[in-house]
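Given next are the chains, with one letter for each unit.
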Amino acid sequence: MSMPLPRTQQKIVFPTTLLALLVLVLNLLSPVRSAFAQSEAGTVMRGFPSVGMRGLPRTTADIMFETDMVGGLPHVMQDKPEHDFNEIRAGIKNNPNSPAVASIPARAPHELVRMPDKQGGGAFSPQTVGTNFTAATLATTGSFPPDNDGAVGPTQYICGVNGRIISFNKTTGVADGVLNATTNAFFSTVRNASGTSDPMVRYDRLSNRWFVSIINVSTPNRWCLAVSDAASNGVISATTVWTYYFFVPATITPAISNGTTCLTDYPSLGIDEDAIYMAGDQFCGTGQPFQQVDAFVIRKSSVLSGGPIVVTAFRGLMTAAGGYVGPFAPRGVDNQDLNTNEGYFIGTDGASYGTFWLNRVSDPGGTPTLSANIAITCPTTAGPRPVPHPGNTGGYWGRLDPLDDRPFHAVIRNQQLWTAHNIGVDNNGIANQVYLSDTRVGARWYQINVPVGSGSPNIVQAGTVFTASATNDSTSKNYFVPSINVSGQGHAAMGFSTAGELHNANAGSVGRLASDPLGTMQTPVAITSNTNTYNPTSDPGGASAGRPRRWGDYSITSVDPLDDMTMWTVQEFCDANNSYGVRVAKLVAPPPATPSAMAAIVAAQASTSATVTGVSNSGNRVTYTVSAPAGTWGSSAQGTYAITIGGTPVRDLAGNTVASAAVGSFIVDTIPPAPTGIVPVGATNATPIPVTLSFSEAFATSDTSKITASGASLSGFSSNPGVGTISF
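This one's a predicted model, so the numbers in the text were calculated from it and none came from an experiment.

Peer 1: Outline the pairing of strand β35 (residues 492–500), listing residues and values.
Peer 2: For β35, the tally of buried residues reaches nine of nine residues, placing the bulk of the element in the interior. Here strand β34 (residues 478–486) runs beside β35; their pairing, made up of seven bridges, is antiparallel. Bridge pairing in β35 places Tyr479 opposite Thr498. Taking the residues between adjacent antiparallel strands as the criterion, β34 and β35 are bridged by five residues, where Gly490 takes a positive phi near 90 degrees. Direction of pairing for β35 relative to strand β36 (residues 503–512): antiparallel, over a ladder of eight bridges. Across the sheet, residue Thr498 finds its bridge partner in β36, namely Asn506.

Peer 1: Can you explain the sheet that holds strand β15 (residues 209–216)? Please cite residues and give values.
Peer 2: Spatial strand order, β4-β17-β16-β15-β14: five strands in an open sheet with antiparallel pairing. Of all strands in the sheet, those with a lone pairing partner are β4 (56–59) and β14 (196–204), marking the two edges. With direction set aside, neighbouring strand axes in the sheet form an average angle of 25 degrees. Bridge analysis of β15 against strand β16 (residues 223–228) gives five bridges, and the strand direction is antiparallel.

Peer 1: Can you lay out the sheet that holds strand β33 (residues 458–465) for me, pointing to particular residues and giving the numbers?
Peer 2: In a beta sheet, neighbouring strands pair by backbone hydrogen bonds and run either parallel or antiparallel. Spatially, β24-β30-β31-β32-β33 is the arrangement adopted by the five strands of the open sheet, whose pairing is mixed. In this open sheet, the two strands that pair with only one neighbour each are β24 (334–335) and β33. Pairing geometry for strand β32 (residues 440–449) and β33, over seven bridges, is antiparallel. In the strand pairing of β33, Gln447 is matched with Gln461.

Peer 1: Explain the environment of Thr286 to me, using residue names and the numbers behind them.
Peer 2: Looking at where Thr286 falls in the secondary structure, it is placed in the loop between β20 (275–283) and β21 (290–299). Taking the C-alpha atoms as reference, Thr286 lies 7.7 Å from Thr261; in sequence the two are 25 residues apart.

Peer 1: Before we move on, could you go through unusual backbone geometry and cite the residues and values that matter?
Peer 2: When glycine is set aside, most residues are seen to have a negative phi, and most peptide bonds are trans. Omega for the peptide link from Phe144 to Pro145 comes to -10 degrees, which places this bond in the cis form. Its place among the elements puts Pro145 in the loop between β9 (143–144) and β10 (149–152). Going from Thr219 to Pro220, the amide bond is cis rather than trans, its omega being -10 degrees. Mapped onto the fold, Pro220 is located in the loop between β15 and β16. The phi angle at Asp564 is positive, at roughly 60 degrees, despite the residue not being glycine. Tracing the sequence through the fold places Asp564 in the loop between β39 (556–559) and β40 (567–576). Owing to a relative accessible area of 1%, Asp564 belongs among the buried residues under this scheme.

Peer 1: Talk me through the side chain of Thr439; I want residue IDs and the actual numbers.
Peer 2: Residue placement: Thr439 occurs in the loop between β31 (416–425) and β32. Among the polar contacts listed, one links the side chain of Thr439 to the side chain of Asn472, at a separation of 2.8 Å. Apart from the residues lying within four places of it in its own chain, the contact partners of Thr439 are Arg385, Val425, Asp426, Asn427, Asn472, Asp473 and Ser474.

Peer 1: Can you lay out the nonpolar core for me, pointing to particular residues and giving the numbers?
Peer 2: In terms of nonpolar packing, the biggest core is built from 69 residues, with Trp223, Phe247, Ile276, Ile298 and Val303 touching the most fellow members. Setting aside its immediate chain neighbours within four residues, Phe247 contacts Arg222, Trp223, Ile252, Met278, Phe296, Ile298, Ile309 and Val311. Among the nonpolar cores identified, the runner-up in size contains 20 residues, and Ala151, Ile158, Phe187 and Val201 belong to it.

Peer 1: Run through the pattern of salt bridges, naming residues and quoting values.
Peer 2: Counted under the stated rule, the structure contains 12 salt bridges. Linking Arg58 and Glu66 is a salt bridge whose minimum nitrogen-to-oxygen distance equals 2.2 Å. For Arg58, a relative accessible area of 11% translates into the label buried. Across the salt bridge formed by Asp294 and Arg315, the nearest N and O atoms sit 2.9 Å from each other. Here Asp294, found in strand β21, pairs with Arg315, found in strand β22 (residues 310–319); they are 21 residues apart in sequence, far enough to count as distant. Take Asp294 and Arg315: they sit in the same class, and that class is buried.

What counts, and at which threshold
- Residues numbered from 1 in each chain as written.
- Predicted model: local features only at pLDDT ≥ 70, side-chain atom pairs only at ≥ 80, totals over all residues.
- Heavy atoms only, no water.
- Buried < 20%, exposed > 50% of the residue type's maximum accessible area, 1.4 Å probe, protein only.
- Helix = DSSP H or I, 4+ residues; strand = E, 2+ residues; numbered from the N terminus.
- Pairing = 2+ DSSP bridges.
- Axes fitted to C-alpha atoms, helices over the stretch in contact; angles between N-to-C directions.
- Polar contact = N/O pair within 3.5 Å; in protein donor to acceptor, adjacent residues only side chain to side chain.
- Contact = heavy atoms within 4.5 Å.
- Core = buried A, V, L, I, M, F, W, Y, C linked by side-chain atoms within 4.5 Å.
- Salt bridge = Lys/Arg side-chain N within 4 Å of Asp/Glu carboxyl O.

Below you can see the structure in the form of structure tokens.
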């Protein structure tokens, strides 16, 4: 592993002349690799799908049997290999077009944290911490760092960390005993007898499947994937069948010329309705220095049906030979929207601070094409400094390693992409890219509008969660390794670790309501409140290792698939002296005031949409009144029309999604005598006809299950055409 440039703990004072000379030398030695003036870099790449192996099936019971046979725990403490960019990015500059601000729109430091008044009946916080539990500890993983990841499903939370994958009852937070395996046992059929690292977990509500990925650590290494079966319907049990796949990222067609020497590191995992998006950093050759960034699009249908797996590789999104211009450690973007037919990767620039690169993937479920790198200028950023913590006996190298300014997770919803990373900032939340000025680590988050197909992405809002102070001291609390997500209500939640010279290492979260001012978050809250010190003898950090103590590496915040409102986050904290824990927390959202979303009306011959215009509830039943938009009827519109509500947009009073279902029908007949149903009104059949449809949803008192639509009926003619009419 190449050693990053050391960053001294004490303040160093240079004579003015020597300092100027040092700056000049660094500038001269820094390669000319700027993409500041470019909106795009690279070229469009048309992919060539490669057909790989068929899937290998295995039940959860088999996995647990193997874990029990080998004792269930790692045999030795493992320091997982780390490849970082600190050395190759030394001396890079901020994009000169990046504004030196802490937020978009620009706000003063005291405005970045919003503390709304409780008066007026509004929600004080977008989320409150609910059920939370320690999912893993150093003793159960045996690894540095944990690479904490996980996702929430219909009834379970599955946590994946280095060395362990465990399922929990999401209501109680107790391990349900269904899955508690070493990652080596879980992936034993595809890991080629090698160790494993970098687990990632997703629940895909579009297919009701679980996806778990990992890399092995031999050279060239494999990327491995496990997919749960359709029969389990998202609930993992002993009889759940997992299907396993793998491919070798460095040697899959088109292979890297020296691919047999490569280790693919820090993979991502993004999923949408068409594909799986994985990108990785390639470290190749003698000593495995950084060589390039590659992206891979896995056809989703190929791994839902037993294979063979179909993978399309895109080489060289960023390369050492190209001056590091382009995304490093890009994230495949999660997307649960329908009918998109476009996927995404996003990463920070390897050649500058203050720049993101976005890639579009067209036709991801067929023959994918990758766009050129699309530049997004953001407010100034800087590499984060190692994080101090009380009781540290290791000096500078005993601090906690926040990695760099890479994004840790990314999600897109309604073409709004949300992501977060940690950066160095001063007491005003601004990144100066001067180590002695950027005295703390802040969690910077973004909402980016991404037009489909073409058009320039733009930052809608951005903000920084940090500790503001009157003086630019280095004793403040740091917020690091963050991840953000957004709910169906439009509220956002972000999880992270916190620590500082006076603050022990803990897990925390923060959120914002959709109605909050742009660029702001509300007050951060603590998920854990430990007072332990962290000096593990198996991870002392140090100059020889070229890094401080390992921490996090991954972070993820996910949305509950049942209500599309509750969020879950998994973060690292210090659970006992010289030990870490991985904490999972349920972030409970405020209930919706009324069901006010859209309901879809679909006819047998054509379709349109309608709005929920009225809601009434009595006991455990809520009745929705739906009115359609204005339009006309003609003789060509005769026929019987089925009316269906779409499940995703309609919710009951507690916010649970209403299942898609047919709720009734009506008849159009312009030739008298008309049958029972809708008939023309007025002198001609071109006169608009108002229509109102009412239907009811029954739900249990506990309101924990999905609702089935029933009881649809026509309420007759409306006397007020203003409520709308159906059009075809």
